[in-house]
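What follows is the residue order along each chain.
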Amino acid sequence: FCCFQLYGYCYQDSNDIPDTLTTITELGSPLEMIQLLQTSWEDRFRICLSLVRLLHYLAHSPLGSVTLLDFRPRQFVIVDGELKVTDLDDASVEESSCTSNSDCFMEFPARNFTLPCSVEGRCQSMNEKRNLYNAYRFFFTYLLPHSAPSSLRPLLDKIVNATGNHNKHVICTEYLALELSPSPSVNSEFTQKCVKSANTQYRRVPEAFIPDENYRCWPSYHHKGCLLSVFDVNEAIEICDSYSQCKAFVLTNQTTWTGRQLVFFKMASNHIVPDPDKITYVKVTD
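Residues numbered from 1 in each chain as written. Predicted model: local features only at pLDDT ≥ 70, side-chain atom pairs only at ≥ 80, totals over all residues. Heavy atoms only, no water.

S.K.: What is the right way to look at the environment of Thr255 in this model?
M.R.: Following the sequence through the fold, Thr255 ends up in strand S12 (residues 248–255). With relative accessibility at 49%, the residue Thr255 sits in the partly exposed group. Setting aside residues no more than four positions away along its own chain, Thr255 makes contact with Arg260, Gln261 and Leu262. (Helix = DSSP H or I, 4+ residues; strand = E, 2+ residues; numbered from the N terminus. Buried < 20%, exposed > 50% of the residue type's maximum accessible area, 1.4 Å probe, protein only. Contact = heavy atoms within 4.5 Å.)

Here it is in structure tokens:
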């Protein structure tokens, strides 16, 4: 799940091409951080979850704790929304040897750490903590807080800060895997926190769709319109109320990978057409 899937390989040894090994792997998309920041927060959250699973696997692999010495975005690709490692040339299972804590010094551009030296003469959890801090500085600090749901930002700030401080790395990964997992209880808690009682009234029009009247919003799942994910109608109402140009919204039967429903937000409702798979809500004006 964490590394490229190998479909096959071919070893060729000839006078023209000596000692050549060709591998056939699954196709992935290069990791472009600027492009990722323009995607929805849910998609970036999914990438962070896959990174957490990778960190856990590297810390508990059959070979022992594995560190990626070149832990940078260029070493990863996106496959079906999941983050995977493409280059394992710089992977190492050797924990640094030491005679005192001063030998277990880790230096990064922003801060440094000193880990304890074990009685066996090895720096404790250095491989795991190197991976964790690199994940923090290259991924979590950019992908998690950026345009996150307002109700989750305090928790996300806690996660990002804890990831940057090695002493809480286990708690941090548990938060990511459990507290933010796309379960009904978490979605319900999110809704209770972020949905306010709306004074605006909406008229429900079943089996109806507004084909036009689009406006652009960010982030959106549709580049020519405002298509966002919601937990329920109440959250859709809150979003529509927050946009001055929003006069209606359409619930679709499509969902994101977390099970949240996709909704089109519209700036008018002059032209409504029949559609058995959609429900339209029109803002009632005085």
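S.K.: Would you explain the pairing of strand S6 (residues 82–85) in this entry?
M.R.: One face of the sheet, then the other: side chains in a regular strand alternate in exactly this way. Burial along S6 is two-sided: the face carrying Glu82 and Lys84 and the face carrying Leu83 and Val85 are both buried. Following strand S5 (residues 76–79), the chain reverses through 2 residues before pairing antiparallel with S6; Asp80 in that reversal takes a positive phi of roughly 55°. (Pairing = 2+ DSSP bridges.)

S.K.: Mind showing me how you'd approach the side chain of Asp275 here?
M.R.: Position of Asp275 among the secondary structure elements: in strand S14 (residues 273–283). For Asp275, a relative accessible area of 16% corresponds to the buried category. Not counting chain neighbours up to four residues away, the residues in contact with Asp275 comprise Glu207, Ala208 and Phe209.

S.K.: Hey, could you run me through the packing of helix H3 (residues 126–143) against helix H4 (residues 153–164) in this one?
M.R.: When two helices pack together, their arrangement is given by the angle between their axes and by how far apart the axes lie. The N-to-C vectors of H3 and H4 enclose an angle of 145°; their axes lie 8 Å apart at closest approach. Each of Leu132, Tyr133, Tyr136, Phe140 and Thr141 in H3 lies in contact with H4, whose residues at this interface are Val160, Thr163 and Gly164. Among the residues making up the contact of H3 with H4, the classes are represented as 5 nonpolar, 3 polar and no charged. (Axes fitted to C-alpha atoms, helices over the stretch in contact; angles between N-to-C directions. Nonpolar A, V, L, I, M, F, W, Y, C, P; charged D, E, K, R; others polar.)

S.K.: How should I be thinking about the packing of aromatic side chains in this particular structure?
M.R.: What characterises a pair of aromatic rings is the spacing of the ring centres plus the angle enclosed by the ring planes. Applying the stated rule across the entire model yields 13 aromatic pairs. Taking the centre distance of 5.0 Å and the plane angle of 10° together, the rings of Phe249 and Tyr281 count as stacked. One end of the pair, Phe249, is in strand S12; the other, Tyr281, is in strand S14, and 32 residues separate them in sequence. Put simply, the rings of Phe108, Phe113, Tyr133 and Tyr136 pair up and form one aromatic cluster. Positioned above the aromatic ring of Phe209 is the side chain of Lys278, whose terminal nitrogen or guanidinium carbon lies 5.1 Å from the ring centre. (Phe/Tyr/Trp six-rings, centres within 6.5 Å; stacked < 30°, edge-to-face > 60°. Lys NZ or Arg CZ within 6 Å of the ring centre and 35° of its normal.)

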